[in-house]
Structure formats: C-alpha cells, structure tokens
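Descriptive analysis of the structure
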Amino acid sequence: MGQPDDSRPIRVFLVDDHTVVRRGMRAFFEMLDDVVVVGEAADGRAALDELAIRAAHHDLPDVVLMDLLMPRMDGTAATTAIKQRYPGVEVVALTSFSETERVHVALEAGAAGYLLKDAEADEVAAAVRAAYHGEVHLDPVVARKLTRSLVAPQRTAMALTPRERQILALVAQGRSNRDIADALVISERTARTHVSNVLTKLGLASRTQAALWAVREGLVPGA
C-alpha cells in the first residue's frame, strides 16, 4: 500500500450488529469533510462477503470500523480474515470491553485501533484518521490499562502451563497462529487463545515482546 492520499476522503466501512450504532456512526461521519462511509454490514461474515465483492471491483475501503461481539462471526475473526486477505485495509475495533486480554487479542488479529463504544465522536474520527496514516490509536482508558499491565512486575515462566510454554517457544520462533495450530494439532482459534493467554499472563503486548522475553529468560536460544 502506498502513501495515504490526503486529497480524497477516507473511505470507511461500518460493521456492527446494532442498526442504531451504524446509523449513528454514519450520521456523524457525514458531517466530516475527510471521511465518507462506503458501506456497512451487520456481522463479520456479511462484512467479508461485501468486501470480497468490493475487492473484485477494486473498491475496497481504507478503514473498517469493527464491532467485536457479533453473531455468526465475531469481530476478532473477521479482523484476522480481513488483514490476511486485504493487508492494505486497516481495522479499528469498537467495543464495550476494555479488558487487556481482549485488547491483546484484537491487536494480535491486526487491528490498528481499539475504542470503547462510549468514546466521543471526535475520538472515533481520530482513530480512523490514525489507522489510515498507519498509526495505532487506543482509547485512553484502554491505553492506561495496557500501560499498567506492561509496567507490572514481569511474571515468570512458572505462571505458564506446559502447553503455554510450548506456545511461547513457537511464537519465539516466529510461527504464525496457523503454524502453531498445525504443529500442536489444535485449531487456529485455540492457538490464538493460547497466545493471548501467554501475553496476558506475562503482561506483554505483542508477539515480538513475547519472543524477546522468551530469549531473555533462556526458554529458547537467541538468534
């Protein structure tokens, strides 16, 4: 994906199972000069179907505003699929939950932002603009919780189950969730959950931090 084109509006696609939320977001964005809503869907599966049609017509949005808790396919699974199929499309998670584990999972899936549904409209616009320009934007409440989890005393490998230590070793080798699932003969969803649990237990925010931690603790050899 090339440099963002600031001469045209940012194209946003809304995904939320509550019609009133989509209407509210659409009404707000219509008041902005630099953002235009190009479509919407009521769940992750419908969103992927719509994006597939748009991709065929070279009409993908720049940013998807994604609810996380939805029927049929939740926002985390949809985000993972979008980033795999359309790497140039950014995703901003919009949810009612601020737990650091949920934040880890969303960011792990590829989200470029994480907002709470009670965020001010200007905050949502800021997150969309940040994602479009390749930046990560976190709700202030979420950012504070994430910071606290990062500065908390580092826990030891003893906090991990044997399976989680296996997962950590594979993460440190640069394995994807799919690779981990294949290696341990588990589902990709289970692998993703294990990775999230490892990050949460160790108070880490990313796979990269987990890999560095594992090397530092001597769980895997350094590069």
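What counts and what doesn't
- Residues numbered from 1 in each chain as written.
- Predicted model: local features only at pLDDT ≥ 70, side-chain atom pairs only at ≥ 80, totals over all residues.
- Heavy atoms only, no water.
- Helix = DSSP H or I, 4+ residues; strand = E, 2+ residues; numbered from the N terminus.
- Buried < 20%, exposed > 50% of the residue type's maximum accessible area, 1.4 Å probe, protein only.
- Contact = heavy atoms within 4.5 Å.
- Areas by Shrake-Rupley, 256 points an atom, 1.4 Å probe, with all protein chains shown as cover.
- Pairing = 2+ DSSP bridges.
- Right-handed = clockwise from strand over helix to strand, strands pointing away.
- Phe/Tyr/Trp six-rings, centres within 6.5 Å; stacked < 30°, edge-to-face > 60°.
- Salt bridge = Lys/Arg side-chain N within 4 Å of Asp/Glu carboxyl O.
- Core = buried A, V, L, I, M, F, W, Y, C linked by side-chain atoms within 4.5 Å.

Right, let's talk about the overall build of the chain for a bit. Along the chain, the regular secondary structure elements total ten helices and six strands. Burial statistics for the chain: of 223 residues in total, 47% are counted as buried. In the chain, once contacts between residues fewer than 6 apart in sequence are set aside, the share between residues at least 24 apart is 66%. Roughly 11,000 Å² of accessible area belongs to the chain as shown, and the carbon and sulfur atoms make up 54% of that amount.

Moving on: the pairing of strand E5 (residues 113-116). Burial along E5 is two-sided: the residues Gly113 and Leu115 and Tyr114 and Leu116 are all buried. Note that strand E4 (residues 90-95) and E5 share four bridges and pair parallel. Directly across from Val92, in E5, lies its bridge partner Gly113. Bridging between E5 and strand E6 (residues 137-138) involves two bridges; their strand directions are parallel. Each bridged residue has a counterpart across the sheet, and for Tyr114 the counterpart in E6 is Leu138. In this region the chain leaves E5, passes through helix H5 (residues 121-132) and returns to the parallel neighbour E6; the handedness of that crossover is left-handed.

Attention now moves to the packing of aromatic side chains. The full count for this structure, using the stated rule, is one aromatic pair. A ring pair is formed by Phe28 and Phe29, whose centres lie 5.4 Å apart and whose planes are at 50 degrees; its orientation type is tilted. Look at Phe28 and you get buried, because its relative accessible area is 11%.

If you walk through the whole model with that rule in mind, you get 16 salt bridges. Arg54 is the partner of Asp59 in a salt bridge, and the nearest nitrogen-oxygen pair spans 2.8 Å. Connected through shared salt-bridge partners, Arg11, Glu50, Arg54 and Asp59 make up one network.

Further remarks concern the nonpolar core. Here is a general trend for soluble globular proteins: nonpolar side chains tend to be buried in one another's company. Ranked by internal contacts, the top residues of the largest apolar core, which has 22 residues, are Val12, Phe29, Val63 and Leu65. Every element with two or more residues in this core is listed here: strand E1 (10-15), helix H1 (19-29), strand E2 (35-41), strand E3 (63-67), E4 and H5. Ranked by residues supplied to this core, first place goes to H5 with six residues. Excluding anything up to four places from it in sequence, Phe29 contacts Val12, Leu14, Val35, Val37, Leu65, Val124, Ala125 and Val128. With 18 residues, the next largest nonpolar core counts Leu168, Leu170, Val195 and Val198 among its residues.

A separate point is the environment of Thr19. Looking at the element boundaries, Thr19 is found in helix H1. The exposure class of Thr19 is partly exposed, given its relative accessible area of 38%. Residues Thr19 and Ala42, spaced 23 residues apart in sequence, show a C-alpha to C-alpha distance of 7.6 Å.

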